[in-house]
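The lines below spell out each chain.
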Amino acid sequence: KVTTSVTPPATVVNVTVNSLSTVKNSKVEPNASKANLSSTVASVDPVLPDKGAAEDEHNSSMAIFFVLCVLAIGILLIHLMLQTGFQYVPESIVIVFLGALIGLTMNALSNRNISNWRKEEAFSPTAFFLILLPPIIFESGYNLHKGNFFQNIGSILVFAIFGTTISAFIIGFGVYFLGLADVVYKLSFVESFAFGSLISAVDPVATVAIFHALNVDPVLNMLVFGESILNDAIAIVLTTAALESNNPIMSTGEAIVMGIQRFCLMFFASAGIGVVFALVSALLLKHVDLRKNPSLEFGMMLVFTYAPYVLAEGIHLSGIMAILFCGIVMSHYTHFNLSTVTQITMQQTLRTLAFIAETCVFAYLGLALFSFKHRVEPALVVWSIILCLIGRACNIFPLAVLVNRFREHQITRKMMFIMWFSGLRGAISYALSLHLNFSDETRHVIITTTLIIVLVTTLFFGGSTMPLLKFMQATKNPSRRLKRRKKDREVTLSKTREWGQALDSEHLSETTEGEMEVSFVSDRIKGFAKYDLKYFIPFFTRRFTQQELKDCKSQMTDLTNQWYQAIRISPDQSDEENVITSR
């Protein structure tokens, strides 16, 4: 009894001493105890949705409805352009004007208290980077004509990595030193370099339109297009590296070294994640026969399409770089392990998603003119545009001269000028500016400046694409011009029309791409392409048997027959059937 009566007070004393010690510690570190208390409370309580979840759901539904209405109007507008043959400006400019018109209308209605659509017309950077941007970038890599891409990968990487970095440094240092001289709005070094990085992202749409219209050497076409799609990823990585090196304790030199290290890590690690996912998908679809169930096959492709992006973003790498390289490698290996039905479905689905995403992005660019109050700094806008042109020139001309020393296909001065002229700034620059974590005043200045530069370059350089094109063709040899007059009539700046033409034959072959190429370039294959043809393509792609080829053809024939019968067995009978019925 004595022992049992003594033990409880001892435990009480111990508990009391421990509690007193924790109280003393809590006096020393009150914030830590509060954090621990809040964490324990959070871990104990069950996770419930917020009380305002229903209201948020209603707002999100209205926002989606608003986007769908704008998208429907944009599609009808593009259709009208294609029907009337209005091809003097890119579709992106028309969509920007549509967004601006809708934004002006909404602004007028809000000011008169008729309706308030402020929440619905606000541009969400999270939605842009997680929903709209991945299909655009993946489609660029997946539908890339790879025949010349891998053979020119060295030159493309020189323009994309070194060129974009040169442009970012020139714009960043220029804005920084002009700010120190009180010529423009003063930005810190990290803010200046982040602005220079995000404004170095060029829009490849007009570039591709020019080169398609000029009917240039396909190798040069691939050089510029490859640089354009890689440029977006490089600009995003540079901007992220600049923001993560924003430490007030570090000096400017240490911040530069930290930024370079972070850039190298993000670039190679992100690209590695994309390549690994693509190769795993190729091996999986080679050895697991999903071709008899196209829905399962297509579902697996979509999983491997989006998985590298969210994984890279989740571990603080570049999702854009991962999904771009995943698309390029998947189209090179995985695509040829798919059934014909899934090949067509994949290509058209990606193009449709990319078209919808691009239309939404450009419409939101126009809406942004009236979405919030702008802080316009005229000197910063003018000098930034000048620095953009200088940075693009220092990017294109010296690197083109350098690359020409190692190339058989030379880049002419006229091509260099077109590459420099095609440096439009796109929606990625604007979306990156919304992600900046600076003071409110600085954010307003950078966002407004970026928006103005994007709109000015898109309207001016994009709008003058066709006059430049006609001038370039007028300066050619007149006899050659007469021969190409028929081709000149087919010149189009419509990306939708380019996409709407025949499916890529390169992506619908029954043999692997290596077997297609080896028939006419076997003696000229060198470097990576040689090892790829000899080792990688046989390892990652599947050789179809004759029976499997017959099954694919019969499957396509059955689908076509079903479609034809569905068209014929419609309520509206044709005249021929009416004649037969009367007889």
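In the nomenclature of an unreviewed UniProt entry, the protein is known as Sodium/hydrogen exchanger of Asbolus verrucosus. According to the UniProt record, the Subcellular location (unreviewed entry) comment for the protein reads "Golgi apparatus membrane". On record in UniProt, under Sequence similarities (unreviewed entry), the comment for the protein is "Belongs to the monovalent cation:proton antiporter 1 (CPA1) transporter (TC 2.A.36) family."

### Topic: the packing of helix H18 (residues 427-434) against helix H19 (residues 440-463)
Axis angle and axis distance: for two packed helices, these are the angle between their axes and the distance between the axes, and together they describe the pair. Interhelical geometry of H18 versus H19 gives an angle of 175 degrees and a closest axis separation of 9 Å. The angle between the axes of H18 and H19 places the two elements in the roughly antiparallel class. Contact residues: Ser429, Tyr430, Ser433 and Leu434 in H18; Arg443, Ile446, Ile447, Thr450, Leu451 and Val454 in H19. Its residues assigned to classes, the contact of H18 with H19 comprises six nonpolar, three polar and one charged.

### Brief notes about unusual backbone geometry
Positive phi, close to 60 degrees, is recorded for Asp182, a residue that is not glycine. Within the secondary structure layout, Asp182 lies in the loop between helix H8 (153-180) and helix H9 (189-198). The class for Asp182 is exposed, based on a relative accessible area of 64%. Here the phi dihedral of His316 falls at roughly 65 degrees; this positive angle occurs in a residue that is not glycine. Following the sequence through the fold, His316 ends up in the loop between helix H13 (294-314) and helix H14 (319-332). When its relative accessible area of 57% is taken as the criterion, His316 is described as exposed.

### Notes on a nonpolar patch on the surface
Judged by side-chain polarity, Val183, Val382, Trp383, Ile386 and Ile390 come together as a nonpolar surface patch covering roughly 400 Å² of accessible area. Structurally, the position occupied by Trp383 is in helix H16 (residues 378-404).

### Quick notes on the packing of aromatic side chains
One pass over the full model with this rule turns up 15 aromatic pairs. Consider the rings of Tyr176 and Phe189, whose centres lie 5.5 Å apart with planes at 85 degrees: the pair is edge-to-face. Taken together, the residues Tyr176 in helix H8 and Phe189 in helix H9 connect sequence positions 13 residues apart. Given the relative accessible area of 14%, Phe189 is considered buried. An angle of 20 degrees between the planes, with centres 6.0 Å apart, marks the rings of Tyr306 and Tyr309 as stacked. In this pair, Tyr306 and Tyr309 both sit in helix H13, three residues apart, roughly one turn of the helix. Taking the relative accessible area as the measure of exposure, Tyr306 reaches 33% and is therefore partly exposed. Judged by relative accessible area, Tyr309 falls into the buried class, the value being 0%. Its end group placed over the ring of Phe539, Lys286 keeps NZ or CZ at 5.8 Å from the ring centre.

### Side note on the confidence of the model for the protein
Confidence in the prediction for the protein averages 75 pLDDT; 72% of positions are at 70 or higher. Mean pLDDT values over the elements of the protein span from 40, in helix H24 (residues 513-521), up to 92, in H13. Between residues 1-43, whose pLDDT stays under 50, and residues either more than four places distant or in other chains, the model counts one contact. Here residues 502-523 is a poorly scored stretch, pLDDT under 50, and it has 44 contacts once near neighbours within four places are set aside; other chains count.

Cut-offs applied
Residue indices follow the written sequence of each chain, beginning from 1 at its first position. Totals for whole chains, interfaces and linings use every residue, but because this is a predicted model, local features are given only for residues with pLDDT of at least 70 and side-chain atom pairs only at 80 or more, for both listing and counting. The side-chain figures draw on all heavy atoms in the structure; neither hydrogens nor water molecules are used. UniProt positions are given in the numbering used here, feature names are shortened, and annotations may be inferred rather than shown by experiment. Angles here are taken between N-to-C directions and fall from 0 to 180 degrees, while the axes themselves are lines fitted to C-alpha atoms, restricted in helices to the stretch in contact. By the criteria applied, helices consist of DSSP H or I runs no shorter than four residues and strands consist of E runs no shorter than two, each listed in order from the N terminus. Angle categories: roughly parallel below 35 degrees, roughly antiparallel above 145, roughly perpendicular from 65 to 115, and oblique for all the rest. Here, two residues are considered to be in contact whenever any of their heavy atoms come within 4.5 Å of each other. Any residue outside Ala, Val, Leu, Ile, Met, Phe, Trp, Tyr, Cys, Pro, Asp, Glu, Lys and Arg is labelled polar, Gly included; the first ten of those are nonpolar and the last four are charged. Burial classes follow relative accessibility: with a 1.4 Å probe on protein chains only, a residue under 20% of its type's maximum area counts as buried, one over 50% as exposed, and anything between as partly exposed. Each patch groups residues whose relative accessible area exceeds 30% and which form no salt bridge, using 9 Å between like charges and 5 Å between nonpolar side chains of Val, Leu, Ile, Met, Phe, Trp and Tyr. Areas reported as accessible are Shrake-Rupley estimates using a 1.4 Å probe. Residue values count occlusion only from the protein chains shown. In the sections that follow, a salt bridge refers to a side-chain nitrogen of Lys or Arg positioned within 4 Å of a carboxyl oxygen of Asp or Glu. Note on aromatic contacts: the rings of Phe and Tyr and the six-membered ring of Trp form a pair at centre separations within 6.5 Å, being stacked when their planes are under 30 degrees apart, edge-to-face when over 60 apart, and tilted otherwise. A ring has a charge above it when a Lys NZ or an Arg CZ is no more than 6 Å from the ring centre and no more than 35 degrees off the ring normal. In predicted models, pLDDT denotes the confidence assigned by the predictor to each residue on a 0 to 100 scale.

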